[in-house]
Amino acid sequence: MTTLTFTARKTERIAEQKTSCLVLPLFEGRVLNDELTAVDNACDGMITRSLALGDFSGKSGTKAELTGSAQAKRILLVGCGDSASFDQQAQRKFAATAAKAMAAGKYSDALVSIASLPLDGSDATDLLEMLARQLCLATYVYTETLSKPKDLPALKKVTVNPGSLVSSAKAKTHLAMGQAVGNGANFTRQLVNLPGNVCTPSYLATQARALAKRHSKVSTTVLDEKKMKELGMGSLLSVGNGSDEPSKLIVMEYKGGKAKEAPYALVGKGITFDTGGISLKPGPKMDEMKFDMGGAGAVFGTLQAVADMGLPINVVGVVAAAENMPSGRATKPGDVVTSMSGKTIEILNTDAEGRLVLCDALTYVGRYKPREVVDIATLTGAIIVALGNHASGIFANDDALAQDLVAAGNRADDRAWQLPVWQDYQKQLDSPFADVANIGVGGGNAGSITAACFLARFTEEYRWAHMDIAGTAFSSSPKGATGRPVALLVDYLRQRAGQ
Ligand code: BES
Ligand code: MN
Ligand code: ZN
């Protein structure tokens, strides 16, 4: 993976800076501010002439690349729309448009000036974070299983001129924060994009050990099937029964806070491939079920970002990893298993396997006496019916926690929406043969809520929220992992860390 280098350097003489590409914001109306005028003069009126031709209007989301001067070889103008309405949405659009254009460029370094933008200090730091994050995301290319590598982005080094909006030191700090989020999301994307024959539960365990090697404050423990059997994790283990790949419970501990401080817990669904098991899924698009470890991927990416940022809190990440396959040894509909909590579960549908691995991981994480627990899972197709690809679903036994996650999603531009976990839905999970059934009666009715209701039965001991990311973790066209909801989770943890 390519890594970008970010620097912040304040300059009042932008036209004299040497760079392969000078990136400048431009509002609609063809008015050149002092900065644009100086650059225009340095390149013999190229900007004025281009605007006069009507080639570029400055509309939000558009850009134009011009040949520059001896100092700035290229000039990339990025549209900012109407200067009177440069709100948060327009600022984010500027960052995304600039990042995509730079990532597509044929140059290795670029200089971005945000000095002329009408921003206050906090808008400016947000914009810097967004710019760095978007640059990381835009330069990610999947090459792992291709025999001929694709063209990699040329961009290596990005310098930002913050002008007098914020100090260079502060700008650099926030660029680094945005980069940590972007790199974290890219780590998630990479794991989630890998095919099921590469990214197995054992592969995820190897990645967890590698993360601990990269970060002194992270340590990893992997529980194998023997250990899980001793702990009574009959529910988690039932999912991998039909697979030749051994299931793993992967525990990653980040210690950025005081040794005895209770951790925040993230629990990820890590189904490295979901065939549905004996309740076999239909063939079309089944390949997309390699993305069914998106929750686990988000735990990895978030932990890496938190460690990169050095947040002063403790975080424990637990990944419940298994492969859901049909075979002569696979779990059958009607089978009853005993979970680590002691509760028995009637497995009416082996395709509702995510909740089966999560319930034991959620019971296990209780031993850390966590402050809060958030599980992340590509849990139900029904959440795509409810929210499409725009928002992750949030369910919680604590409304304040749910709303804090929604707020984090809004701040991070990685949105989520709360749905209820009312008692009224719980009776759909009643079973005559076990304490609880793994699917609700009434078929697909409120399928995402009954899934959350199932999990709620295993999370009564602590403050808990569940995120259903089946609609947000990956996209079907173009096919690939999005890295969501790493940005939301990192924002939530930063908020908890007081940063
Ligand atoms: N991994 C799927 C959910 C899913 C569907 C994720 C589409 C991403 C895209 C999950 O294990 C599953 O199969 N859920 C079932 C539950 C049902 C059997 C109650 C579903 O959504 O159909
Ligand atoms: Mn399934
Ligand atoms: Zn699944």
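Residues numbered from 1 in each chain as written. Chains lettered and ligands numbered in written order. Predicted model: local features only at pLDDT ≥ 70, side-chain atom pairs only at ≥ 80, totals over all residues. Heavy atoms only, no water.

1. Comments concerning the coordination of the manganese ion (ligand 2)
For the manganese ion (ligand 2), every protein donor is listed as Asp274 (OD), Asp351 (O), Asp351 (OD) and Glu353 (OE), and the spread of their distances is 2.0 to 2.2 Å. Coordination at the manganese ion (ligand 2) comes from 6 donor atoms whose angles at the metal span 71 to 167°, giving a geometry best classed as irregular. Donor residues binding the manganese ion (ligand 2) come from one chain and are separated in sequence as D-x76-D-x1-E. Separating the manganese ion (ligand 2) from the zinc ion (ligand 3) is a gap of 3.1 Å, bridged by Asp274, which donates to each. Highlighted residues: Asp274 in strand 9 (residues 264–274) and Glu353 in the loop between strand 12 (344–347) and helix 10 (354–365), separated in sequence by 79 residues. Each member of the pair, Asp274 as well as Glu353, carries the same accessibility label: buried. (Donors = N, O, S within 2.8 Å, 3.2 Å for Na, K, Ca; no water. Tetrahedral: all angles 85-135°; square planar, octahedral: opposite > 155°, others 65-115°. Helix = DSSP H or I, 4+ residues; strand = E, 2+ residues; numbered from the N terminus. Buried < 20%, exposed > 50% of the residue type's maximum accessible area, 1.4 Å probe, protein only.)

2. Things to note about the sheet that holds strand 9
Taken in spatial order, the 8 strands make up an open sheet running 7-8-10-9-13-17-14-15, and their pairing is mixed. Looking at strand neighbours, the two that pair on one side only are strand 7 (218–223) and strand 15 (416–418), the edges of this open sheet. The sheet shows a mean angle of 20° between the axes of neighbouring strands, taken without regard to direction. Both strand 8 (residues 248–255) and strand 10 (residues 314–324) contribute to a ladder of 8 bridges, which runs antiparallel. Residue pairing in the sheet places Leu249 in a bridge with Ala320 of strand 10. (Pairing = 2+ DSSP bridges. Axes fitted to C-alpha atoms, helices over the stretch in contact; angles between N-to-C directions.)

3. Re the domain arrangement of the chain
The extent of an interface is frequently quoted as the accessible surface area lost upon association of the parts. Entries for the chain in the domain assignment read domain 1 (5–162) and domain 2 (187–496). Inter-centroid distance (C-alpha atoms) of domain 1 to domain 2 is 39 Å. Opposite the 9 residues of domain 1 that make contact, domain 2 presents 12 residues. Between domain 1 and domain 2, the buried area comes to about 920 Å², and carbon and sulfur atoms account for 42% of it. In this structure, the connection of domain 1 to domain 2 is made through 2 salt bridges. Between Glu129 and Arg494 there is a salt bridge, with the nearest N and O atoms lying 3.0 Å from each other. (Domains from an automatic or database assignment. Contact = heavy atoms within 4.5 Å. Buried area = accessible area lost by both parts, 1.4 Å probe. Salt bridge = Lys/Arg side-chain N within 4 Å of Asp/Glu carboxyl O.)

4. Comments concerning the pairing of strand 9
Taken across its 11 residues, strand 9 has 11 buried, putting it largely inside the fold. Here strand 9 runs beside strand 10; their pairing, made up of 10 bridges, is parallel. From the neighbouring strand, Gly270 faces strand 10, where its bridge partner is Ala321. Following the backbone out of strand 9, through helix 9 (residues 294–309) and into the adjacent parallel strand 10, one traces a crossover that is right-handed. Inspection of the sheet shows strand 9 paired to strand 13 (residues 372–377) by 5 bridges, in the parallel sense. Bridge assignment links Ala265 to a residue of strand 13, and that residue is Val373. (Right-handed = clockwise from strand over helix to strand, strands pointing away.)

5. A short note on the site of ligand 1
What surrounds ligand 1 is a group of 17 residues, the closest being Lys281, Asp292, Asp351, Glu353 and Gly381. Note that a nitrogen atom of ligand 1 is positioned 3.4 Å from one of the backbone N or O atoms of Thr378. Between ligand 1 and the protein, one listed contact pairs an oxygen atom with a backbone N or O atom of Gly381 at 2.7 Å. Protein coverage of the free-state accessible area of ligand 1, which is 520 Å², stands at 77%. Taken together, the residues of the shell around ligand 1 sort by class into 6 nonpolar, 4 polar and 7 charged. (Near = heavy atom within 4 Å. Polar contact = N/O pair within 3.5 Å; in protein donor to acceptor, adjacent residues only side chain to side chain. Areas by Shrake-Rupley, 256 points an atom, 1.4 Å probe, with all protein chains shown as cover. Nonpolar A, V, L, I, M, F, W, Y, C, P; charged D, E, K, R; others polar.)

6. A few points about the coordination of the zinc ion (ligand 3)
When four donors bind a metal tetrahedrally, each ideal donor-metal-donor angle is 109.5 degrees, and when six bind octahedrally, the ideal angles are 90 or 180 degrees. Bound to the zinc ion (ligand 3) are the protein donor atoms Lys269 (NZ), Asp274 (OD), Asp292 (OD) and Glu353 (OE), situated 2.0 to 2.4 Å from the metal. Each donor residue of the zinc ion (ligand 3) lies on the same chain, and together they follow the pattern K-x4-D-x17-D-x60-E.

7. Here we look at the packing of helix 3 (residues 88–104) against helix 4 (residues 121–138)
Two packed helices can be described by the angle between their axes and the distance between those axes. It is at 8 Å that the axes of helix 3 and helix 4 come closest, and there the two elements cross at 35°. Seen from above, helix 3 lies across helix 4 with right-handed handedness. Together, Gln88, Gln91, Arg92, Phe94, Ala95, Ala96, Ala98, Ala99, Lys100, Met102 and Ala103 of helix 3 and Asp123, Asp126, Leu127, Met130, Leu131, Gln134, Leu135 and Ala138 of helix 4 make up the contact between the two elements. Residues belonging to the contact of helix 3 with helix 4 are distributed by class as follows: 12 nonpolar, 3 polar and 4 charged. (Left-handed = near helix turned anticlockwise from the far one by under 90°.)

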